[in-house]
Each structure stands twice: as C-alpha cells, then as structure tokens.
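A structural walkthrough
Read off the chains here:
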Amino acid sequence: MNPYILATLLFGLGLGTTITFASSHWLLAWMGLEMNTLAIIPLMAQHHHPRAVEATTKYFLTQATAAAMLLFASTTNAWLTGQWEIQQMTHPLPTMMITIALALKIGLAPVHSWLPEVLQGLDLTTGLILSTWQKLAPFALLVQIQPTNSTILIALGVTSTLVGGWGGLNQTQLRKILAYSSIAHLGWMILILQFSPSLTLLALLTYLLMTFSTFLVFKLNKATNINALATSWAKTPALTALTPLLLLSLGGLPPLTGFMPKWLILQELTKQGLAPTATLAALTALLSLYFYLRLSYAMTLTLSPNNLSGITPWRLPSSQLTLPLAVSTTAALGLLPLAPAAVALLTL
C-alpha cells in the first residue's frame, strides 16, 4: 500500500477514536465511530484475497448495523428526554439499545459471531488493530453512559466469558483463538463496569498489553495455526521460552500481569454480593486457560515432524521491530507487583 494512503488511513483511525473520546454529543460520537470504521476498511481489504474481502464485508455490515442502531437510540433519547448529551442518558429504553449497539461494535456475546470470522480473514497486523485500537472508542462510550440496567450488563458479561471460553476450545487457527480470547476478556470488563469503571479500564489496559504482545509474537514467527508454532523454537528459542508465560498471563495465572484484573474483579463482585456470578466467571476462566495451555504445549513441548534440514535455524532477517515486542512482553509478564499501586489509584 502507498505510504501516503497508509498514513492518511492511520490518521483517520486515530482521529475517529479521538473525536469519540472528546465528544459529549451523541452525533459527534457517532461520527467518530463511523470515521473509525471507514478508515480501517481499506486496511482490511488491502491484500485483495477473497477471505480478506469477505471479512471486510462482514465487518462493514455489522459495524453499519451497530452505528445505525446507535443513531436511532440517541435520536429516540433526544425525542423522549430532549437531551443529546452522552452523560444524560436517563431513559431505560435508549440506554439499553445503545448498550446492545456498542456490544455489537466490540463483539460481546451473544452478538459476537462476526468477530472470529472477521479476524480469521485478516493478516496479523490488521487483526492487531481490530483487537486493540478498535475497542477503545466504544468502551469510552460505555463507561460514559454508565448503563443503569445492571441485569443486561451482567448477562452480557457472563455470556461473553462462557462463549469466549467455550468457543476457543476446538480451534486450531490462532486468529480465531485470539478472537474468542478477546470475547472472554471483554466479558470480564463488562461484568464490573457498573460497580467500578476504573477497574474496567485497568482490565482493558492489561488486555491491550497482553494481546499486543501475543500478536507480535505470532507475527514474528509468521504463525497462523497451532502447528506452525511447533517450529518456532528453531527460529527464536528465547521468545519460544517466554511465550507460554505470556499465554498463561492472558489466561490470568499468578504471578503474571493477567492475574491482577481478574483478582480485583472477583474481589469487587464478591463485595457487591454477587458471589455466584464471581464463581461462574472464575470457572469460565478455566475454559480459556485450557486453550492457552494447549498453545503453550504446542509451542514448547512438541517438535514439528520435520526432517533435519527443516529444523535448522535458517531464516531471513525479520523486518519487524523487536523493541515494541520486548517492552510489551515484559509489561505483560511482570506488572503484578504494581497491584497495590493500582488499587490505591482506583480508590482515589
């Protein structure tokens, strides 16, 4: 892709998210989301592969549906209450419609079916943008409207953690596994949204860190399915040793970074008298942990069935920058000791 066109599209992506962040009016927020969608579509379809085109079409249709629903709900809210302010969502009907529209935008269950299919059709770089940057603007709106209907949020959260764990069990494609992992993590964030928005943002931040790092590892190894991971030890032995830790951090095991948000979320849910919900969420985390362990096993404890010439550590020098990978992996593994500082910040 022409670097000028690429720069323009990336600028559009950044600007769309920034407009949504800064807006207090529903029309402006909707405009930011639309800019975001339109900027990523050429990036998704740039390889002219039938899979990429199909994924782009699916993404466009779901995002257009969600945007239309959002616009309809905000217009309904203005009609019922006379308010266009994002913070002034007082009527339950438009609030619920907007919550569902934003759930469709980010791929929460039960409106998640598009996410694994779309992610599977993209290359790892665009998949990384879709799994991280594209979640920010809808999340900013969700945190701002503070949905008053707690039942729908808990239902969305529990369903997402269940579907995210269950759906990834039978997958062999890494991008689909990461999509289901994304659905499960988003479920955890939505569960706690009404009780502690700052905790939701902490969970989002750690999710972004860990997903960024995982995508970069797969990109460096040029791996798109589980079998391709088995050859990575010959190319990058040190990274192959660290990657299982990274995957277990995604699964939420102590003493890794991924344990911090899960621990604080379970604690907060128990404080709010929702011990059964907390127990169910903790059990669904075991489902996710199974497929992360499967990836770790494939990467470190199995050898690819190749002949000797296939496992010699030859490779062309990678053009990928390794500094972002090094920084994000370190952060994704070692931030748990900062948990007391995070708790202190959350209680300010």
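Everything numeric here is computed off the predicted structure, so don't read it as measured data.

Before going further, it helps to spend a moment on the pattern of salt bridges. Considering all chains together, one arrives at three salt bridges under this definition. Where glutamate 117 meets lysine 58, a salt bridge forms, and the shortest distance between an N and an O atom there is 3.9 Å. Taken as a pair, glutamate 117 in helix H5 (residues 114-120) and lysine 58 in helix H3 (residues 50-81) lie far apart in primary sequence, 59 residues in all. We classify glutamate 117 as partly exposed; its relative accessible area is 36%. Under the relative-accessibility criterion, lysine 58 is labelled partly exposed at 29%. With its nearest N and O atoms 3.5 Å apart, the salt bridge here joins lysine 176 to glutamate 117. One end of the pair, lysine 176, is in helix H9 (residues 174-192); the other, glutamate 117, is in helix H5, and 59 residues separate them in sequence. Classification of lysine 176 as buried rests on a relative accessible area of 17%. Each of Glu54, Lys58, Glu117 and Lys176 takes part in one network of salt bridges that share partners.

What follows concerns the UniProt feature "transmembrane region" (unreviewed entry) in the protein. UniProt records the feature "transmembrane region" (unreviewed entry) for residues 60-81, 93-115, 151-170, 177-195, 201-220, 232-253, 273-293 and 323-346 in the present numbering. Span residues 151-170 is 90% helix and 0% strand, its end C-alpha atoms 30 Å apart. Here residues 201-220 is 100% helix and 0% strand, with 29 Å between the C-alpha atoms at its ends.

Below, the discussion takes up the packing of H3 against helix H4 (residues 92-106). Relative to each other, H3 and H4 sit at 165°, their axes nearing to 8 Å. The angle between H3 and H4 places the two elements in the roughly antiparallel class. In this structure, H3 crosses over H4, and the sense of that crossing is left-handed. Two secondary-structure elements touch here, H3 through Thr62, Gln63, Thr65, Ala66, Ala67, Met69, Leu70, Phe72, Ala73, Ser74, Asn77 and Leu80 and H4 through Pro94, Met97, Ile98, Ile100, Ala101, Leu102, Leu104 and Lys105. Counted by class, the contact of H3 with H4 contains 14 nonpolar, five polar and one charged residues.

When the terminal C-alpha atoms of helix H10 (residues 197-221) are compared, their 36 Å separation across 25 residues agrees well with the 36 Å that a helix rising 1.5 Å per residue should span. Among the 25 residues of H10, 18 are classified as buried, and the element is accordingly described as predominantly covered. Directly beyond the C-terminal end of H10, a positive phi value near 50° is found at lysine 222.

All right, on to the nonpolar core then. In terms of nonpolar packing, the biggest core is built from 51 residues, with Tyr59, Val118, Phe218 and Leu295 touching the most fellow members. Phenylalanine 218 has contacts with Leu124, Leu174, Leu178, Ala223, Leu229 and Leu295, leaving out every residue within four places of it along the chain. Counting residues in each nonpolar core, the second largest holds 50 residues, with Ala29, Ile86, Leu199 and Leu208 among its members.

With that settled, the discussion passes to the packing of helix H1 (residues 3-22) against helix H7 (residues 133-145). At a minimum axis distance of 9 Å, the contact between H1 and H7 shows a crossing angle of 5°. Viewed along their axes, H1 and H7 adopt a mutual orientation that is roughly parallel. Together, Leu13, Gly14, Thr17, Thr20 and Phe21 of H1 and Trp133, Gln134, Leu136, Ala137, Ala140, Leu141 and Gln144 of H7 make up the contact between the two elements. In terms of residue class, the contact of H1 with H7 is made up of seven nonpolar, five polar and no charged.

Let's shift gears to the packing of aromatic side chains. Summed over the entire model, instances satisfying the criterion amount to three aromatic pairs. Taken together, a centroid distance of 5.0 Å and an interplanar angle of 55° make the contact between phenylalanine 291 and tyrosine 292 tilted. Residue phenylalanine 291 is classed as buried on the basis of its relative accessible area of 0%. Residue tyrosine 292 is classed as buried on the basis of its relative accessible area of 1%.

We now examine the environment of alanine 223. In this fold, alanine 223 is placed in the loop between H10 and helix H11 (226-229). For alanine 223, a relative accessible area of 0% translates into the label buried. Along the primary structure alanine 223 and leucine 186 are separated by 37 residues, whereas in three dimensions their C-alpha atoms are 24 Å apart. Excluding anything up to four places from it in sequence, alanine 223 contacts Leu124, Leu174, Phe218, Ala228 and Leu229.

What follows is about the side chain of glutamine 120. With respect to the helices and strands, glutamine 120 occurs in helix H5. Accessibility expressed as a relative area gives 9% for glutamine 120, which makes it buried. A polar side-chain atom of glutamine 120 sits 3.3 Å from a polar atom in the side chain of glutamine 173. Leaving out residues up to four positions away in the same chain, glutamine 120 has contacts with Arg51, Gln173, Arg175 and Lys176.

Glancing now at unusual backbone geometry. The step from alanine 109 to proline 110 runs through a cis peptide bond, and the omega angle for that step is 5°. Relative to the helices and strands, proline 110 resides in the loop between H4 and H5. Cis geometry marks the peptide bond from proline 254 to proline 255; its omega dihedral reads 5°. Considering the arrangement of structural elements, one finds proline 255 in the loop between helix H13 (237-251) and helix H14 (259-271). Phi is positive for histidine 48, close to 55°, though the residue is something other than glycine. Tracing the backbone through its elements, the reader meets histidine 48 in the loop between helix H2 (26-44) and H3. Classification of histidine 48 by relative accessible area gives exposed; the value is 69%. We note that lysine 222 has phi near 50°; this positive angle belongs to a residue other than glycine. As for its placement among the helices and strands, lysine 222 is situated in the loop between H10 and H11.

Reading the values: rules and limits
Residues numbered from 1 in each chain as written. Predicted model: local features only at pLDDT ≥ 70, side-chain atom pairs only at ≥ 80, totals over all residues. Heavy atoms only, no water. Salt bridge = Lys/Arg side-chain N within 4 Å of Asp/Glu carboxyl O. Helix = DSSP H or I, 4+ residues; strand = E, 2+ residues; numbered from the N terminus. Buried < 20%, exposed > 50% of the residue type's maximum accessible area, 1.4 Å probe, protein only. UniProt positions renumbered as here; feature names shortened; annotations may be inferred. Axes fitted to C-alpha atoms, helices over the stretch in contact; angles between N-to-C directions. Parallel < 35°, antiparallel > 145°, perpendicular 65-115°, else oblique. Left-handed = near helix turned anticlockwise from the far one by under 90°. Contact = heavy atoms within 4.5 Å. Nonpolar A, V, L, I, M, F, W, Y, C, P; charged D, E, K, R; others polar. Expected span 1.5 Å × (residues − 1). Core = buried A, V, L, I, M, F, W, Y, C linked by side-chain atoms within 4.5 Å. Phe/Tyr/Trp six-rings, centres within 6.5 Å; stacked < 30°, edge-to-face > 60°. Polar contact = N/O pair within 3.5 Å; in protein donor to acceptor, adjacent residues only side chain to side chain.

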